Amino acid sequence: MRRNTNFRYVITTVLLAPAAAMAQVDTSDWNCEYCPFDEGYRAEYEAGAAQITDDAFRFGNGTGLGEEGTEAILNGEGRYLGESSEVTWYAEELGTDARFFEMGAGKPGRFGVELGYRELPYRRFGDTETPYSGSGEVLNLPAGWVPGATTGTMPGLADALAVHEIETDRTVLDLGMNYLATRNVRLLVDYERQERDGTGIMPGSFFSQGAYLPRPIDDYTDRFDAAVAYSNESFDLKLAYYGSFYRNELESLTWDNAFTPFPGADQGRLALEPDNDFQQFSISGAYRAASAWNTVVGFSAAIGQGEQTASLLPYTINPLIVTAPINVSDIDGEVDTTNYALKITARPLPKLNVRASYRYDERDNSTPAETWTRVITDALTSGDIEPNVPYSFDRARLNLTGNYRLLDTLTVSAAYVRTEIDRDFQEVASQDEDTGWGKLRWRPTPYLEATFKGGTSTRSINKYDTDVGLLFNQNPLMRKYNLAHRYREFAEVGLSASLIDTPISIGMTYLWTDDDYSKSDLGLLEGTEDRFTVDFNWAVSERSSLYLNAGSEAIESLQVGSESFAGPEWEATHDDDFFHYGGGFTIRGAGEKVDLTFDYTRAEGETEILFDGQSVAAEPLPELESTMDSLRFRLDYNVSQKLTINASARWERFEAEDWGLQDVAVDTISNVLTMGADPYDYDVWVFGIGFRYSVGADPE
């Protein structure tokens, strides 16, 4: 309290001091300790090594530290500041597969150029096995492979298995420029290329038999952004162009049939993601009218077009299946998009703020509709003639919000949201949703704040067209959860407090939702969610701090179904529970030269699925469980103002019990050749030591 009193005294003295007295202050010896205007070059370089104790494939997801051994630590940042120019750079984890580098140069406030490069490793499974091998668009079985009617009757399966890691590496190159052409006009250009390379999992089927395939991934996306922005004291305007161009180096995937084949079905083929483009032009802006209720009017409008012109594959590669010729050489896919929005905020009364917004989005799929012969998995033809379905929709949303300061300590808020959606070629052609909520914000003291929010949402449909579902052999009583009638109730409570005369703050939130699909006969009937979080922060001193947090989430749902294309015959209850807690502390300048940082987090998840009714297995499904512990520790020893030695330790343990993977070998399922992935189970430490050296001006 004494510190706060002194602070108020100083501020009051300065504000009330006469101008003559202020003019007598001698500032010639004052130093700006926080002004970053020192010219010259300043940089910090960090080099060292990290030791990983064990192979932990998933741990390398995003970190590049999944293999046992030693990795280099290479980090750094620097800045050069001249009289009218500036150059900055930043590097992180250059010695791993998760490296990142960015650099910027220019004249502050006038123009700038930025270059960025990063690599993002994605690691899914490191123990998968398969008899398939190959590169490019063809996967082959070993020479002399003898097919079997089931996975258990393939004589050469065990000897043919080889490990195929399921992983991808993404590289991102980014180049951006901005230029202040005049006082009010700025030009912006940005280019980004993302490339992916690796192996994924793709199912391939021959009607009643199939296999998981190690599909190759080799694609890239070029993205362009360009804009001209105008701004003055009361008006902003921006004209922009956006273009995204995706290219897949692989057109299709062909694989050998490991099972005793249908006549002529020795191989199967599937198309991969086709090349596609999307381009959009937009205009957006805002007008500020301070003299008219402090009103701000914002608007945006955009038109775009997506195209897909990849050539079509033949119906089948089975030479014994005869089909009519394909009418077109490519699908000539085209989707036109239209988006516009208007937003108005104003303060008509000193205590009242209001906001109104409207947004409209349209997706018009003008892809030509053709008729096609239905061939089932390169094994047989059904004889059916089917058209492609060009889905389209338009969506409109109106949002009205108001805030009124009822008392000095109490603010009341309310909102209404209306959403309307119209669709083509789906079970529900027209759908409306009305949402309303109210909120109280109570702040009885500067140190305590509580919020209470609650509302309802009703989604209604004009008709559920069962004829559309029957075209896809769906039960006419089935209701898709995103297209069905739904009534939702929700509430949220928040509390934040800063204890008087202490540097301690506490925060808490609780969220509850309840969904009711009372008009659905089959499908999802109800769902609830409860979420709770709490945070504790303590600034122990100017050089040390402590934090603790915890949270939980429970999600429950009930769905019913039918085995005989009739009314409800079984029901399933899903119960998901998640819990986490953690904490940490930071100490700077311990013993004058030592900085310490410590963080620990534990997360637990559990899923229970219960079935009841006809055609349900007598044995219940095992529970799905996962547990992760994560710990980080770092010690910095400041040898001098320029040299720091650091030591770090990181520990992660992850365990999962997944009945979908537990004890499932490649031949466990008789008619599906799997890849035998195991649930995650690892315990790994990473120990690091490094040296950080500063050059240039003395560090603060």
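Keep in mind the model is a prediction, meaning the values are calculated, not measured.

A.B. asks: Please give an account of the overall build of the protein chain that cites residues and values.
C.D. replies: When helices and strands are tallied, the protein chain shows 4 helices and 35 strands. Taken along the three principal axes of its C-alpha coordinates, the protein chain extends 100 × 60 × 55 Å. Relative to its full complement of 700 residues, the protein chain shows a buried share of 31%. Considering only residue pairs separated by 6 or more positions, the protein chain has 62% of its internal contacts joining residues 24 or more positions apart. Accessible surface computed for the protein chain: about 39,900 Å², of which carbon and sulfur atoms make up 56%. Here the protein chain contributes 57 positive and 113 negative side-chain charges, whose respective centroids are spaced 11 Å apart.

A.B. asks: Residue-level account of the environment of Val468, with values.
C.D. replies: Locating Val468 in the fold gives a position in helix α4 (residues 466-471). Residue class for Val468 comes out buried when judged on its relative accessible area of 15%. Those residues within four positions of Val468 in sequence are excluded, and the remaining contacts are Phe425, Gln426 and Glu427.

A.B. asks: Explain empty space enclosed by the protein to me, using residue names and the numbers behind them.
C.D. replies: A probe as big as a water molecule, rolled over the atoms, marks out the empty space that is left. Evaluation of the coordinates by the stated rule reveals 1 cavity of 30 Å³ or more. In this model, the largest cavity occupies a volume close to 30 Å³. As for the largest cavity, its lining consists of Glu427, Tyr464, Asp465, Thr466, Gly469, Gln474, Asn475, Pro476 and Met478. Residue composition of the lining of the largest cavity, grouped by class: 3 nonpolar, 4 polar and 2 charged.

A.B. asks: Which residues make up the pairing of strand β23 (residues 430-445), and what values go with them?
C.D. replies: Where strand β22 (residues 410-423) lies against β23, 13 bridges are found, and the strand directions are antiparallel. Note that in β23 the partner of Thr419 across the bridge is Glu433. Where β23 and strand β24 (residues 448-461) come together, 13 bridges link them in antiparallel fashion. Paired with Thr445 across the two strands is Leu448, which belongs to β24. Hairpin remark: β23 followed by β24, antiparallel, with 2 residues in the connecting loop.

A.B. asks: Residues and numbers for the side chain of Arg692, please.
C.D. replies: As for its position among the elements, Arg692 is in strand β35 (residues 681-695). In terms of polar contacts, Arg692 uses its side chain to reach the side chain of Asp636, at 3.4 Å. When residues no more than four places from it in sequence are discounted, the contact partners of Arg692 are Glu44, Tyr45, Glu46, Arg634, Asp636, Lys642, Leu643, Thr644 and Asn646.

A.B. asks: Explain the pattern of salt bridges residue by residue, including any values.
C.D. replies: Counted by the stated rule, this structure contains 37 salt bridges. Between Arg223 and Asp225 there is a salt bridge, and its shortest N-O distance comes to 2.0 Å. Overall, the relative accessible area of 26% leaves Asp225 in the partly exposed class. The network of salt bridges with shared partners includes Glu44, Glu46, Arg634, Asp636 and Arg692.

A.B. asks: Break down the nonpolar core for me, with residues and values.
C.D. replies: Membership of the largest hydrophobic core comes to 20 residues, with the highest contact counts inside it found for Tyr132, Trp145, Leu213, Ala258 and Leu673. Taken together, the elements giving at least two residues each to this core come down to α3 (157-160), β10 (185-206), β11 (209-231) and β13 (252-256). For Leu213, the contacting residues outside a window of four places in its chain are Tyr132, Leu139, Gly200, Ile201, Met202, Gly204, Leu253, Trp255 and Met675. Counting 11 residues, the second-largest nonpolar core is a separate cluster that includes Ile73, Phe654, Ala656 and Val684.

A.B. asks: Would you mind going over the environment of Thr668 in detail, with residue names and values included?
C.D. replies: Note that Thr668 resides in the loop between β33 (643-657) and β34 (672-673). For Thr668, the side chain forms a polar contact with the main-chain nitrogen of Ala665, separated by 2.7 Å.

A.B. asks: Tell me about the sheet that holds strand β14 (residues 267-271), and please be specific about residues and values.
C.D. replies: Spatial ordering of the open sheet is given by β7-β13-β14, a layout of 3 strands whose pairing is mixed. The sheet terminates laterally at β7 (138-139) and β14, the two strands that pair on one side only. In this sheet, β13 lies alongside β7 in parallel orientation, the contact comprising 2 bridges. Across the sheet, residue Val138 finds its bridge partner in β13, namely Thr254.

A.B. asks: How would you sum up unusual backbone geometry? Please name residues and give values.
C.D. replies: Residues other than glycine seldom take positive phi values, yet Asn294 does so here, at roughly 50°. Assignment of secondary structure puts Asn294 in the loop between β15 (276-289) and β16 (295-308). Of the residues examined, Asn294 reaches a relative accessible area of 43% and is grouped as partly exposed. Backbone geometry places Asp332, a non-glycine residue, at a positive phi of 50°. Note that Asp332 resides in the loop between β16 and β17 (333-349). Residue classification places Asp332 among the partly exposed positions, given a relative accessible area of 42%.

A.B. asks: Tell me about the pairing of strand β9 (residues 166-180), and name the residues and values.
C.D. replies: Here strand β5 (residues 111-125) pairs with β9 via 14 bridges, running antiparallel. By the bridge assignment, Gly112 is partnered in β9 with Asn178. Bridge count between β9 and β10: 14 bridges; the pairing is antiparallel. Counted as the bridge partner of Arg170 is Arg196 from β10.

A.B. asks: Can you explain the packing of aromatic side chains? Please cite residues and give values.
C.D. replies: For any two aromatic rings, the description comes down to two numbers: the centre-to-centre distance and the angle of the planes. Per the counting criterion, the structure on display carries 18 aromatic pairs. Residues Trp570 and Phe611 carry aromatic rings whose centres are separated by 6.3 Å and whose planes lie at 55° to one another, so their mutual orientation is tilted. Separated by 41 residues along the polypeptide, Trp570 in strand β30 (residues 570-590) and Phe611 in strand β31 (residues 594-613) bring together distant segments of the chain. A relative accessible area of 41% places Phe611 in the partly exposed class. Through a chain of ring-to-ring contacts, the aromatic side chains of Phe59, Phe125, Phe654, Tyr680 and Tyr682 assemble into a single cluster. One cation-aromatic arrangement involves Arg58 over Phe654; the distance from NZ or CZ to the ring centre is 4.2 Å. Positioned above the aromatic ring of Tyr464, the side-chain terminus of Arg479 is 4.2 Å from the ring centre.

A.B. asks: So what's going on with the environment of Val228? Residues and values would help.
C.D. replies: Here Val228 shows up in strand β11. For the pair Val228 and Ala181, spaced 47 residues apart in the sequence, the C-alpha separation amounts to 9.8 Å. With near-sequence residues (within four places) excluded, Val228 lies in contact with Val185, Arg186, Leu187, Leu237, Lys238 and Leu239.

A.B. asks: Any details on the side chain of Thr419? Residues and values, ideally.
C.D. replies: Structurally, the position occupied by Thr419 is in strand β22. Among the polar contacts made by the side chain of Thr419, one reaches the side chain of Arg397 at a distance of 3.2 Å. Not counting residues up to four positions away in its chain, the partners in contact with Thr419 are Arg395, Ala396, Arg397, Gln431, Asp432 and Glu433.

A.B. asks: I'd like a description of a nonpolar patch on the surface, backed by residues and values.
C.D. replies: Together, Phe111, Tyr179, Leu187, Val228, Leu239, Ile283, Phe299, Leu342 and Ile344 make up an exposed nonpolar region whose accessible area comes to about 710 Å². As for its placement among the helices and strands, Leu187 is situated in strand β10.

A.B. asks: How would you summarise the confidence of the model for the protein chain if you had to cite specific residues and measurements?
C.D. replies: Confidence in the prediction of the protein chain, expressed as mean pLDDT, is 91, and 93% of residues score 70 or more. Below a pLDDT of 50 lies the segment residues 1-28, which in the model reaches 5 contacts outside its immediate sequence neighbourhood of four places, other chains included.

About the cut-offs
- Residues numbered from 1 in each chain as written.
- Predicted model: local features only at pLDDT ≥ 70, side-chain atom pairs only at ≥ 80, totals over all residues.
- Heavy atoms only, no water.
- Helix = DSSP H or I, 4+ residues; strand = E, 2+ residues; numbered from the N terminus.
- Buried < 20%, exposed > 50% of the residue type's maximum accessible area, 1.4 Å probe, protein only.
- Contact = heavy atoms within 4.5 Å.
- Areas by Shrake-Rupley, 256 points an atom, 1.4 Å probe, with all protein chains shown as cover.
- Lys, Arg positive; Asp, Glu negative; His and termini not counted.
- Charge placed at Lys NZ, Arg CZ, Asp CG, Glu CD.
- 1 Å grid on protein atoms, 1.4 Å probe; cavity = no way out; pocket = protein on both sides within 12 Å on 5 of 7 lines; lining within 4 Å.
- Points joined across faces, edges and corners; volume = space filled by probe spheres on them.
- Nonpolar A, V, L, I, M, F, W, Y, C, P; charged D, E, K, R; others polar.
- Pairing = 2+ DSSP bridges.
- Polar contact = N/O pair within 3.5 Å; in protein donor to acceptor, adjacent residues only side chain to side chain.
- Salt bridge = Lys/Arg side-chain N within 4 Å of Asp/Glu carboxyl O.
- Core = buried A, V, L, I, M, F, W, Y, C linked by side-chain atoms within 4.5 Å.
- Phe/Tyr/Trp six-rings, centres within 6.5 Å; stacked < 30°, edge-to-face > 60°.
- Lys NZ or Arg CZ within 6 Å of the ring centre and 35° of its normal.
- Patch = residues over 30% accessible without salt bridge, like charges linked within 9 Å, V, L, I, M, F, W, Y side chains within 5 Å.
- pLDDT = per-residue confidence, 0-100.

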